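Close look at the chain arrangement
So the chains spell out like this:
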Amino acid sequence: MAFRSRREKLRSILSGGTCVHPGSVYDAISIRIAEDLGFPLGMFGGSVASLAVLGDPDITLITLTELCEQMRRMSRASALPVLVDADHGYGNALNVRRTVQELETAGAAGLTIEDTLLPAAYGEAKAQLISLEEGVGKMKAALSGRNDPSLVIMGRTGAASISSIEDAIRRARAYEAAGVDALFFTGIKSRAELEAIAAATRLPIVLGGAPDELNAIDYLQSQRVRIALQGHAPIAAATQAVYETQKALREGTPPKALKGLASAELMGRVMREAETKARSADGLGLKT
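One structure accompanies this document, and this report is about it. This is a predicted model, so every value here is computed, not measured. Residue numbers here run from 1 along each chain, matching the order of that chain's written sequence. It should be noted that, the model being predicted, local features are given only for residues of pLDDT at least 70 and side-chain atom pairs only at 80 or more, the latter also being counted only at that level, while totals for whole chains, interfaces and linings use all residues. The side-chain values count all of the structure's non-hydrogen atoms but skip hydrogen atoms and water molecules.

So, helix α11 (residues 233-250)
Threshold: Working definition: helices are DSSP H or I runs of at least four residues, strands are E runs of at least two. Numbering for both runs from the N terminus. To estimate the expected span of a helix, subtract one from its residue number and multiply by 1.5 Å.
Given a rise of 1.5 Å per residue, 18 residues ought to cover 26 Å, and the 26 Å separating the end C-alpha atoms of α11 matches this to within 8%. After α11 finishes, the residue G252 shows a positive phi value of roughly 105 degrees.

So, in structure tokens, the structure goes:
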């Protein structure tokens, strides 16, 4: 299978004894840069997907089709394994099954399904959770939708910051029993909370953001954390760079006087210009 090696790399990370930081990726250029810099894994977050595709905030406006098409573009551009934030699976358990099928076809190495109630309920300003029973049903549906057994499916919960750490553990244990490959947590606030989770579960742990006291790699490794996200700074940096460049041009700065632009060498590398020239010489008879 074309994407099997990428999925096996992600499984190797989860089964190993170290903790890695993934690169935040969202399009063909960002994933190539992450790959060239040596990141072992890419993370395609829901917030950056919404921003890159729609220019909208992360309020579940992006569709499954749009998410998968962006993943497909990245799969074409790079062999870096990518973990995809599939939110709530875009509906109920039947929709979750379809979500897994589509992301698997698009080349994802793994995906997360969460138990947050999405979209937000009418009149509710605070995040809510679906029931434990519905959450388990979604995890089972995700697993049943998987055709390639190497595709990684993670059960994700934000209960630590929405209900309680006890509820987060209860949900994690239930998702673990349902057969997911790893447990993804958001909202963990302290070492005590992480240690309670690690003691109560068996699967590899993924942290989606954490306070400074949870940033020490050695400590995370000791608590079975295998992937620790570092946020999505690259798209914020890219947005600032585009803003500053457009602003300078609008204010009359000549293009040759612009600062902070990628070099011709870097642009050629992210475009894989050398490979394209080689193929042009071979297939079109063009001299390089």
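The discussion continues.
Thoughts on unusual backbone geometry
In this structure, P119 follows L118 across a cis peptide bond, with omega equal to -10 degrees. With respect to the secondary-structure elements, P119 resides in the loop between β4 (110-114) and α6 (132-144).

Points about the side chain of S150
Note the threshold: Remark: exposure states derive from per-residue accessible area (1.4 Å probe, protein chains only) relative to the maximum for the residue type, with buried under 20%, exposed over 50%, and partly exposed in between. When checking whether two residues touch, look at their non-hydrogen atoms; a contact exists if any pair is within 4.5 Å.
Summarising the element assignment, S150 is placed in the loop between α6 and β5 (152-157). Judged by relative accessible area, S150 falls into the buried class, the value being 6%. Apart from the residues within four sequence positions on either side, S150 is in contact with R4, R7, R11 and A109.

Structural notes on the pattern of salt bridges
We apply this condition: Salt-bridge detection follows one rule: a side-chain nitrogen of Lys or Arg within 4 Å of a carboxyl oxygen of Asp or Glu.
As enumerated under the stated definition, the model contains 16 salt bridges in all. Two residues, D148 and R4, come together in a salt bridge whose shortest N-O distance is 2.9 Å. Of the two residues, D148 is situated in the loop between α6 and β5 and R4 in helix α1 (residues 4-15); the sequence distance between them amounts to 144 residues. Residue classification places D148 among the buried residues on the basis of a relative accessible area of 0%. Its salt-bridge partner being R272, residue D36 comes within 3.0 Å of it at the nearest N-O pair. Of this pair, D36 sits in helix α2 (residues 28-36) while R272 is found in the loop between α12 (264-270) and α13 (273-284), placing the two residues 236 residues apart along the sequence. Judged by its relative accessible area of 36%, D36 is partly exposed. You can call R272 buried: its relative accessible area is 14%. Via salt bridges that share partners, D115, D167, R170 and R171 belong to a single interconnected network.

Some details on the sheet that holds strand β7 (residues 205-207)
Quick reminder of the rule: Note: two strands are recorded as paired if DSSP finds a minimum of 2 bridges between them. Only the stretch in contact is used when a helix axis is fitted, and all axes are lines through C-alpha atoms; the angle between N-to-C directions ranges over 0 to 180 degrees.
The eight strands lie next to each other as β1-β2-β3-β4-β5-β6-β7-β8, forming an open sheet whose pairing is parallel. Sheet topology places β1 (23-24) and β8 (225-228) at the edges, where each strand pairs with a single neighbour. Where β7 lies against β8, three bridges are found, and the strand directions are parallel. Note on β8: the bridge partner recorded for V206 is I227. Against the sheet, helix α8 (residues 165-178) contacts β5 and β6 (182-185), and its axis sits at roughly 155 degrees relative to β6.

Some words on the nonpolar core
Rule in force here: We call a set of buried residues a nonpolar core when its members are Ala, Val, Leu, Ile, Met, Phe, Trp, Tyr or Cys and they connect through side-chain atoms within 4.5 Å of each other.
Judged by nonpolar contacts, the single largest core of 62 residues is most densely connected at F44, V84, L103, I188, L194 and L220. No other element matches α8, which puts seven residues into this core. Discounting residues that sit within four places of it in the chain, I188 has contacts with A160, I165, E193, L194, I197, L207, A210, P211 and L214. I13, L41, V152 and A182 belong to the second largest nonpolar core, which has 15 residues in total.

Looking at the packing of aromatic side chains
Put simply, the rule reads: Working definition: a ring pair exists when centres of Phe, Tyr or Trp rings (six-membered ring for Trp) sit within 6.5 Å. Plane angles under 30 degrees give stacked, over 60 give edge-to-face, the rest tilted. In this scheme, Lys NZ or Arg CZ marks a charge over a ring once it lies within 6 Å of the ring centre and within 35 degrees of the ring normal.
In the structure shown here, the tally under the stated rule is zero aromatic pairs. The ring of Y219 has R191 lying over it, and the distance from NZ or CZ to the ring centre is 3.8 Å.

Things to note about the side chain of E176
Structurally, E176 is set in helix α8. Each residue touching E176, except ones within four places of it in the same chain, is listed here: L183, T201, R202 and L203.

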